[in-house]
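# Survey of secondary and tertiary structure
Next come the chains, spelled out residue by residue.
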Amino acid sequence: MQVNDDSSSFEDELINNNLLLVLSYDSTYSHVQFRRRFRMSKGSFMRLVGDLEMNYPYFQTTWDATNQISFIALQKCTSAIRQLAKGYNPDLLDEYLNMSERTSRKALEHFCYGVVQMYKAEYLRRPTSTDIQLLYEAHEARHGFPGMLGSIDCTH
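Reading the values: rules and limits
- Residues numbered from 1 in each chain as written.
- Predicted model: local features only at pLDDT ≥ 70, side-chain atom pairs only at ≥ 80, totals over all residues.
- Heavy atoms only, no water.
- Helix = DSSP H or I, 4+ residues; strand = E, 2+ residues; numbered from the N terminus.
- Buried < 20%, exposed > 50% of the residue type's maximum accessible area, 1.4 Å probe, protein only.
- Contact = heavy atoms within 4.5 Å.
- Areas by Shrake-Rupley, 256 points an atom, 1.4 Å probe, with all protein chains shown as cover.
- Salt bridge = Lys/Arg side-chain N within 4 Å of Asp/Glu carboxyl O.
- Patch = residues over 30% accessible without salt bridge, like charges linked within 9 Å, V, L, I, M, F, W, Y side chains within 5 Å.
- Expected span 1.5 Å × (residues − 1).
- Phe/Tyr/Trp six-rings, centres within 6.5 Å; stacked < 30°, edge-to-face > 60°.
- Lys NZ or Arg CZ within 6 Å of the ring centre and 35° of its normal.

Looking now at the overall build of the chain. A count of helices and strands for the chain gives eight helices and zero strands. Ordered by position from N to C terminus, the α and β elements of the chain give α-α-α-α-α-α-α-α. The 156 residues of the chain split such that 34% are buried. Long-range pairs, those at least 24 residues apart, make up 54% of the contacts in the chain with a sequence separation of at least 6. Carbon and sulfur atoms make up 53% of the accessible area of the chain, which totals about 10,000 Å².

Right under this line is the structure:
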């Protein structure tokens, strides 16, 4: 199968790679398997895909001058998540997603930018004193060491 920057037969590629089955709610992967492969719940992933598709033109399906359809948001987000969650080199995803290394890198850049812009107010804020207290309590309950917030050994 030839890898290129367009997705002229994207439906065939999706079927061949079972991408829609993997990512749909009634996929062949259970929720546990999905979490292991993508390092996040299926619901969270689908929310990210939907939010990015609604807010950023890069993730919206388009057609080029030769009337070939672009990669869909699921493909672009899958590429980005696989790179982030598993540390995959973008070149390794060409056979899985039929997406070139360049396109995979571009998807990762747009994904990271979009996630930060959309969620920074809610998730990338300074913790409140209540947040810090909850983190202290959770860490002490799990590891038995109080007051370890910020320790380099306690980032897991």
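Here the structure, examined in full by the defined rule, presents three salt bridges. With a closest N to O distance of 3.6 Å, R47 and D51 form a salt bridge. Highlighted residues: R47 and D51, both in helix 4 (residues 42–55), separated by four residues, approximately one helical turn. The salt bridge partner of R105 is E101, with a shortest N-O separation of 2.6 Å. Taken as a pair, R105 and E101 lie in helix 7 (residues 101–123) at a separation of four residues, close to a single helical turn.

Taken together, the side chains of V116, Y123 and L124 present a nonpolar region at the surface, about 310 Å² in accessible area. Tracing the backbone shows Y123 in helix 7.

As a further point, take helix 8 (residues 129–143). Along an α-helix, residues three or four positions apart point the same way, because every turn accommodates 3.6 residues. With 15 residues, helix 8 extends 21 Å from end C-alpha to end C-alpha; this agrees with the ideal 21 Å at 1.5 Å per step. At the C-terminal side of helix 8, G144 shows a positive phi close to 80°.

Under the defined criterion, the tally for this structure stands at six aromatic pairs. Put simply, the rings of F34, F38 and F45 touch in pairs and so form one group of aromatic residues. The residue whose ring lies beneath K76 is Y58, and the NZ or CZ to ring-centre distance is 4.2 Å. Above the face of the F38 ring, R82 is positioned so that its terminal group lies 5.4 Å from the ring centre.

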